[in-house]
Amino acid sequence: EKAGYDHFMLKEIHEQAITVENTLSVKEEIENIVKDLKSIKRICFVACGTSYHAALTGKYLFENYAHIPTDVILASEFGYSFNSLDEETLTIFISQSGETRDTIDAIEMAKEKSKTLAIVNVLGSQATRIADYVIYTQAGPEIGVAATKTYIGQLICIYLLAAFFSKHHLKDEVFANTLLRKINLIPKLIEKILENEDEIKDLSLKYKYPPNFFYLGRGLAYPTALEGALKLKEITYIHAEGYAAGELKHGPLALIDYCVPVVVLLPKGDSYKETMNNLSEVQSRGGDIIAFTSDVEDLSDQKAQDVFEIPNDLGEEFEELFAPLTYIIPLQLLSYYISIYRGLDPDHPKNLAKCVTVG
Ligand code: M6R
């Protein structure tokens, strides 16, 4: 059932192009839900772990492209700050399992005050039975404890929601149509990134020892940095911190020296220049930089120790917009191979369960 792969996690990483394709096929259902939600003035995302990182990505998309004020709350914190919800709020729950205790509790609370929508992978799970609206990510069963293909499925649902909110609320058909056209290129792009798996294997061998890592990104690449760091912690037991690149100088820079590799996400776009500036902060403290970017040449002259290329097939204008869907792929592989080179079993990380049904 691992289809020739050594682990479910690796199989599931490789199933992401098809997950994108399959999830794009629920486009119409998503548009119909958005049409039904005309009175919505505010969105509140609620989720845990990897699903929370998908939600954070949603905040950038919804606020920038649909102009809808959007909050993102950890499900376990929801009970302490949900009093401002009202019938003009849409609360969106994201959960691959649809059974996470904290998320289910939050849906119950939110249902009293707001409209609720659940983005879920597991058919008929508890969340799907409680929420007013349901969107299924079309990832198929995910066995590995580390969420990979379900994350990409969640992101696709969020991109589609952003496109349709932009179309129907903001009346910006141009953005919506461009997004809907360009997103069809993502499956091929994911396949192309996966073709360079051997480069990630080499990087993993090189970086299997350091006990601490930083992951940096700005804007849409920031939640991806958080997710990359979570993947590393979860299956390699290496301490990794995901940070907004601009926050480095507000404290964590004190921890960076030649023993701390820093993974930097550098999609071309609005944030590129400023993230590049953060590289020099890292460099002057001696930290090894592992850069992920489409502009390999710009990084080649000693700015980074290692550079992994993300193909720029979408055009420079769209690279940053879609970065969460592409830059996460090599980060998942990096965690997978570091775990293998450390002699661990990535499918069964210690102390973790696939589905967290306790609060
Ligand atoms: O099933 P859910 O999406 O609600 O699960 C939430 C988290 O427990 C989950 O994403 C966890 O962080 C993953 N193991 C991360 O890979």
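Here we summarise the structure given alongside this text. Keep in mind it's a predicted model, so treat the numbers as computed, not measured. (Residues numbered from 1 in each chain as written. Predicted model: local features only at pLDDT ≥ 70, side-chain atom pairs only at ≥ 80, totals over all residues. Heavy atoms only, no water.)

### Here we look at the overall build of the protein
A tally of regular secondary structure across the protein gives 16 helices and 10 strands. In terms of overall size, the protein behaves like a compact globule, its C-alpha atoms giving a radius of gyration of 20 Å where 359 residues would be expected to give roughly 21 Å. Oriented by its inertia axes, the alpha-carbon framework of the protein measures out at about 55 × 40 × 40 Å. The buried share among the 359 residues of the protein stands at 58%. In the protein, the proportion of contacts linking residues at least 24 apart, taken out of those at least 6 apart, comes to 75%. Here the protein displays about 14500 Å² of accessible surface, and carbon together with sulfur accounts for 48% of that area. Side-chain charges in the protein split into 34 positive and 52 negative, and the spacing between the mean points of these groups amounts to 2 Å. (Helix = DSSP H or I, 4+ residues; strand = E, 2+ residues; numbered from the N terminus. Rg over C-alpha atoms; globule rule 2.2 N^0.38 Å. Buried < 20%, exposed > 50% of the residue type's maximum accessible area, 1.4 Å probe, protein only. Contact = heavy atoms within 4.5 Å. Areas by Shrake-Rupley, 256 points an atom, 1.4 Å probe, with all protein chains shown as cover. Lys, Arg positive; Asp, Glu negative; His and termini not counted. Charge placed at Lys NZ, Arg CZ, Asp CG, Glu CD.)

### Notes on the nonpolar core
Ranked by size, the top nonpolar core spans 90 residues in total, and within it Phe-62, Ile-92, Leu-161, Phe-165, Phe-213, Tyr-215 and Phe-322 carry the most contacts. For this core, the leading source of residues is helix α8 (residues 149-168), giving 13 residues. Membership of the second largest hydrophobic core comes to 18 residues, among which are Val-264, Leu-279, Ala-291 and Leu-299. (Core = buried A, V, L, I, M, F, W, Y, C linked by side-chain atoms within 4.5 Å.)

### Observations concerning the pairing of strand β10 (residues 306-309)
Across the two faces of β10 the burial differs, with Asp-306 and Phe-308 buried and Val-307 and Glu-309 not buried at all. The sheet contact formed by strand β9 (residues 289-293) and β10 spans 4 bridges and is parallel. Along β10, the bridge assignment pairs Ala-291 with Val-307. (Pairing = 2+ DSSP bridges.)

### Re the site of the ligand
The environment of the ligand is made up of 14 residues, and the closest members are Ser-51, Ser-95, Ser-97, Thr-100 and Glu-234. Between Ser-97 and the ligand, the recorded distance is 2.7 Å, taken from a side-chain N or O atom to an oxygen atom. Protein contacts shield 91% of the accessible area of the ligand, which totals 420 Å² for the unbound molecule. Of all elements in the fold, only α4 (49-66) and α12 (221-236) reach the threshold of two or more residues within the shell around the ligand. Grouping the constituent residues of the shell around the ligand by class yields 5 nonpolar, 7 polar and 2 charged. (Near = heavy atom within 4 Å. Polar contact = N/O pair within 3.5 Å; in protein donor to acceptor, adjacent residues only side chain to side chain. Nonpolar A, V, L, I, M, F, W, Y, C, P; charged D, E, K, R; others polar.)

### Focus: helix α13 (residues 272-283)
With 12 residues, α13 ought to run about 16 Å at 1.5 Å a step, and its terminal C-alpha atoms sit 17 Å apart, in line with that. Within the sequence span of α13, burial applies to Tyr-272, Thr-275, Met-276, Asn-278, Leu-279, Glu-281 and Val-282. Buried positions along α13 lie against β6 (212-217), β8 (262-266), β9 and α14 (296-300). (Expected span 1.5 Å × (residues − 1).)

### Considerations on the sheet that holds strand β4 (residues 115-120)
With parallel pairing, the 5 strands of this open sheet are ordered in space as β2-β1-β3-β4-β5. The sheet terminates laterally at β2 (70-74) and β5 (133-136), the two strands that pair on one side only. Averaged over all adjacent pairs, the angle separating strand axes in this sheet is 20 degrees, with direction ignored. Note that strand β1 (residues 42-47) and strand β3 (residues 89-95) share 6 bridges and pair parallel. For Ala-47, the partnering residue across the bridge sits in β3 and is Ile-94. Across the sheet, α4 lies against β1, β2 and β3, angled at about 170 degrees from β2, the strand it touches most. (Axes fitted to C-alpha atoms, helices over the stretch in contact; angles between N-to-C directions.)

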